[in-house]
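Structural overview
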Amino acid sequence: MEGKTIQLLVHNIGTLVTLQGTAGPRTGLDMSEVGIVEHGAVAISDGEIVAVGREEEVRDQVKGLEIETELDAGGRLVTPGLVDPHTHLVHGGSREHELALKSKGVSYLEILAAGGGILSTVRATRQATEDELYRKAKDSLDKMLLFGATTVEAKSGYGLTVEDELKQLRVTKRLNETHPVDLVSTFMGAHAVPVEYRDRPDDYVDLVIEEMLPAVRAQGLAEFCDVFCEHGVFTIAQSRRILQVAKAMGFGIKIHADEIEPMGGAELAGELGCISAEHLLAASDEGLRAMQRAGTVAVCLPATSFNLRASHARARRMIELGVPVALSTDYNPGSSPTESLQLVMTLACLNLHMTPEEVITAMTINAACAIGRADRIGSLEVGKQADLVIFNATNLAYLPYHFGINHVDAVVKSGKIVVHEGQLVKERFS
Ligand code: IZC
Ligand code: ZN
């Protein structure tokens, strides 16, 4: 600590949720241990946390050091920056016309089979320029930040040609370089079978394996590979082929599994050692056990269930079986057009029967594990990146309770105040 300058001291924190303790992913009862400190403070130097805990202790540790900025949290609630581990951030167009179809009872897979759904976003994304995709995604990323997200995963999968997939991934890279929110990039060429391949889906799988994956790898445009394993989309056998090759090439692997039909996607996630499996509404106990053995994180998406008026992931069963649970918006133009992790908090409490403590664990340390970032983010501990949120609330339960509004007062990203009094601090953006 000697000789350091304190870039920022966040003090007068009423309730400081640190998530200190088990490194994660957290399972079972550990998901309820959120490491609360009352009358807390966080000291930051060079973008990293150098002291965190009770205010007297933190002040003692930084005694004699120059403090550049002090931020008074006003006795409110502070948590680690929220981590959104599953989004389809970059895309063209929107699908509000599907709302009327949904309210009439037309299902998600019926809309897709009729050439709508994902395929209508594919048309809009192919038509859009890189700048147009960038501006639209930036607008959503600003909203995510305003709602408290400091790291966001973003998938491709609306190009479905080599060039259009690379175009989407380049937008993610450029946003990561210019926006304060950190992005983690996932290649999802196997998101739908494009119309050109409708009658020969295995040829499309070959294209993904032989051309897309090597191009994405060579250009360093994605860290993870994901597949939409679902009836009418990609089969278990096709998903296995793609993910095995991706793994051998050095990608981390993820799978949209058992969202609508129980297909054995959770079992496959365990078999292949996926870092995470997503949705899982219809996952069997056997599948969940396979995930538990492999340490695969279950990424639950209750805003999608809400919006599709579907059933809900069995989060309580997952927690009981020792599967680590994370939560995400699943932000996308079809099944979950929302950037708000705070809405997801409410839905997770009411529909997945999770407690506010489990919910914050699922949106911080466990979400960080789902994208391979738990060494840097997801908890407020010495040596980690200084990403935190000050909420206009005094306790954790207030966030899911008072729903449909934004409680964020301030966001600190890598030690810089990027949201202040609920507004973006524009000079922090390049
Ligand atoms: O655009 O509908 N579920 N993929 C799998 C999505 C939803 C995104 C979309
Ligand atoms: Zn998804």
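Residues numbered from 1 in each chain as written. Chains lettered and ligands numbered in written order. Predicted model: local features only at pLDDT ≥ 70, side-chain atom pairs only at ≥ 80, totals over all residues. Heavy atoms only, no water.

1. As for the site of ligand 1
Surveying the vicinity of ligand 1 reveals the residues His 88, Arg 95, Tyr 108, Ile 118, Tyr 158, His 191, Phe 228, His 256, Glu 259, Asn 332 and Ser 335. In this structure, an oxygen atom belonging to ligand 1 sits 2.9 Å away from a side-chain N or O atom of Arg 95. In this structure, His 191 approaches ligand 1 through a side-chain N or O atom, which is 2.7 Å from a nitrogen atom. In isolation ligand 1 offers 270 Å² of accessible surface; the protein chains occlude 100% of this area. Residues that form the shell around ligand 1 fall into these classes: 4 nonpolar, 5 polar and 2 charged. (Near = heavy atom within 4 Å. Polar contact = N/O pair within 3.5 Å; in protein donor to acceptor, adjacent residues only side chain to side chain. Areas by Shrake-Rupley, 256 points an atom, 1.4 Å probe, with all protein chains shown as cover. Nonpolar A, V, L, I, M, F, W, Y, C, P; charged D, E, K, R; others polar.)

2. Considering helix α5 (residues 130-146)
Between its first and last C-alpha atoms α5 spans 24 Å; for 17 residues at 1.5 Å apiece the expected length is 24 Å, and the two agree. Within α5, the full set of buried residues consists of Leu 133, Tyr 134, Ala 137, Ser 140, Leu 141, Asp 142, Met 144 and Leu 145. Following α5 by one or two positions, Gly 148 has its phi on the positive side, about 110°. (Helix = DSSP H or I, 4+ residues; strand = E, 2+ residues; numbered from the N terminus. Expected span 1.5 Å × (residues − 1). Buried < 20%, exposed > 50% of the residue type's maximum accessible area, 1.4 Å probe, protein only.)

3. Things to note about the coordination of the zinc ion (ligand 2)
Those protein atoms acting as donors to the zinc ion (ligand 2) are His 86 (NE2), His 88 (NE2) and His 256 (NE2), and they sit at 2.0 to 2.1 Å. Motif for the zinc ion (ligand 2), donor spacing along one chain: H-x1-H-x167-H. Highlighted residues: His 88 in the loop between β6 (82-84) and α2 (97-103) and His 256 in strand β10 (residues 252-257), separated in sequence by 168 residues. For His 256, a relative accessible area of 3% translates into the label buried. (Donors = N, O, S within 2.8 Å, 3.2 Å for Na, K, Ca; no water.)

4. So, the packing of α5 against helix α6 (residues 162-178)
At a minimum axis distance of 10 Å, the contact between α5 and α6 shows a crossing angle of 50°. Taken together, α5 and α6 sit at an angle that is classed as oblique. Of the two possible hands of crossing, α5 and α6 adopt the one that is right-handed. Seen from α5, the contacting residues are Glu 130, Asp 131, Leu 133, Tyr 134, Ala 137, Lys 138 and Leu 141; seen from α6, they are Lys 167, Arg 170, Val 171, Arg 174, Leu 175 and Thr 178. Here the contact of α5 with α6 is composed, by residue class, of 6 nonpolar, 1 polar and 6 charged. (Axes fitted to C-alpha atoms, helices over the stretch in contact; angles between N-to-C directions. Parallel < 35°, antiparallel > 145°, perpendicular 65-115°, else oblique. Left-handed = near helix turned anticlockwise from the far one by under 90°. Contact = heavy atoms within 4.5 Å.)

5. Describing unusual backbone geometry
Going from Gly 24 to Pro 25, the amide bond is cis rather than trans, its omega being 0°. You can see Pro 25 is positioned in the loop between β1 (6-17) and β2 (36-45). Phi at Leu 280 takes a positive value of approximately 65°, unusual for a residue other than glycine. Secondary-structure assignment places Leu 280 in the loop between β11 (276-279) and α10 (285-294). Positive phi, normally seen in glycine, also occurs at Glu 421, with a value near 50°.

6. Side note on the pattern of salt bridges
The tally for this structure, following the rule as stated, stands at 29 salt bridges. Across the pair Arg 59 and Glu 70 runs a salt bridge, and its minimum N-O distance is 3.2 Å. Of this pair, Arg 59 sits in helix α1 (residues 55-61) while Glu 70 sits in strand β4 (residues 67-72), placing them 11 residues apart in sequence. The exposure class assigned to Arg 59 is partly exposed, which follows from its relative accessible area of 31%. (Salt bridge = Lys/Arg side-chain N within 4 Å of Asp/Glu carboxyl O.)

7. With respect to the side chain of Thr 125
On the secondary structure map, Thr 125 appears in helix α4 (residues 118-127). With a relative accessible area of 0%, Thr 125 lands in the buried category. Non-local contacts of Thr 125, meaning those with residues more than four positions away in its chain, are made with His 91, Gly 92, Leu 133, Tyr 158, Lys 167 and Gln 168.

8. A look at the environment of Gly 74
Position of Gly 74 among the secondary structure elements: in the loop between β4 and β5 (77-80). Put simply, Gly 74 and Gly 14 are 60 residues apart on the chain and 7.5 Å apart in space, counted from C-alpha to C-alpha.

9. Comments concerning the pairing of strand β15 (residues 408-413)
Most of β15 sits out of view: 6 of its 6 residues are buried. Looking at chain direction, strand β14 (residues 388-391) and β15 are connected through 4 bridges and run antiparallel. When the bridges of β15 are listed, Leu 388 appears paired with Val 412. Strand direction decides the pairing type here: β15 and strand β16 (residues 416-420), joined by 3 bridges, are antiparallel. Note on β16: the bridge partner recorded for Val 411 is Val 419. (Pairing = 2+ DSSP bridges.)

10. Looking at helix α8 (residues 236-248)
An ideal rise of 1.5 Å per residue puts 18 Å on 13 residues; α8 measures up with 18 Å between its terminal C-alpha atoms. Of the residues making up α8, those classed as buried are Ile 236, Gln 238, Ser 239, Ile 242, Leu 243 and Ala 246. For α8, the angular spread of buried residues about the axis comes to 160°, placing them on one side. Residues of α8 that are buried in the fold lie against β8 (182-190), α7 (201-218), β9 (224-228), β10 and α9 (265-272). Immediately beyond the C-terminal end of α8, within one or two residues, lies Gly 250, with a positive phi of roughly 105°. (Arc of directions from axis to C-beta.)

11. Notes on the domain arrangement of the protein chain
Its domain assignment divides the protein chain into domain 1 (6-80 + 377-428) and domain 2 (82-370). Distance from the C-alpha centre of domain 1 to the C-alpha centre of domain 2: 29 Å. Contacts between the two partners involve 40 residues from domain 1, matched on the other side by 34 residues from domain 2. Between domain 1 and domain 2 the total buried area reaches about 2900 Å² when both faces are included, carbon and sulfur atoms providing 70% of it. Taken as a group, Met 31, Pro 400 and Lys 413 account for 21% of the area that domain 1 buries against domain 2, more than any other trio of residues on that side. At the junction of domain 1 with domain 2, the criterion picks out 1 salt bridge. Across the pair Asp 182 and Lys 413 runs a salt bridge whose closest N-O atoms are separated by 2.8 Å. On inspection of domain 1 and its partner domain 2, the count reaches 11 residue pairs in polar contact (both at pLDDT 80 or more). Only β5, β14, α16 (398-401), β15, β16 and β17 (423-424) provide two or more residues apiece to the side of domain 1 that touches domain 2. Element by element, the count of residues in the side of domain 1 that touches domain 2 is highest for β15, at 4 residues. A class-by-class count of the residues in the side of domain 1 that touches domain 2 yields 22 nonpolar, 12 polar and 6 charged. (Domains from an automatic or database assignment. Buried area = accessible area lost by both parts, 1.4 Å probe.)

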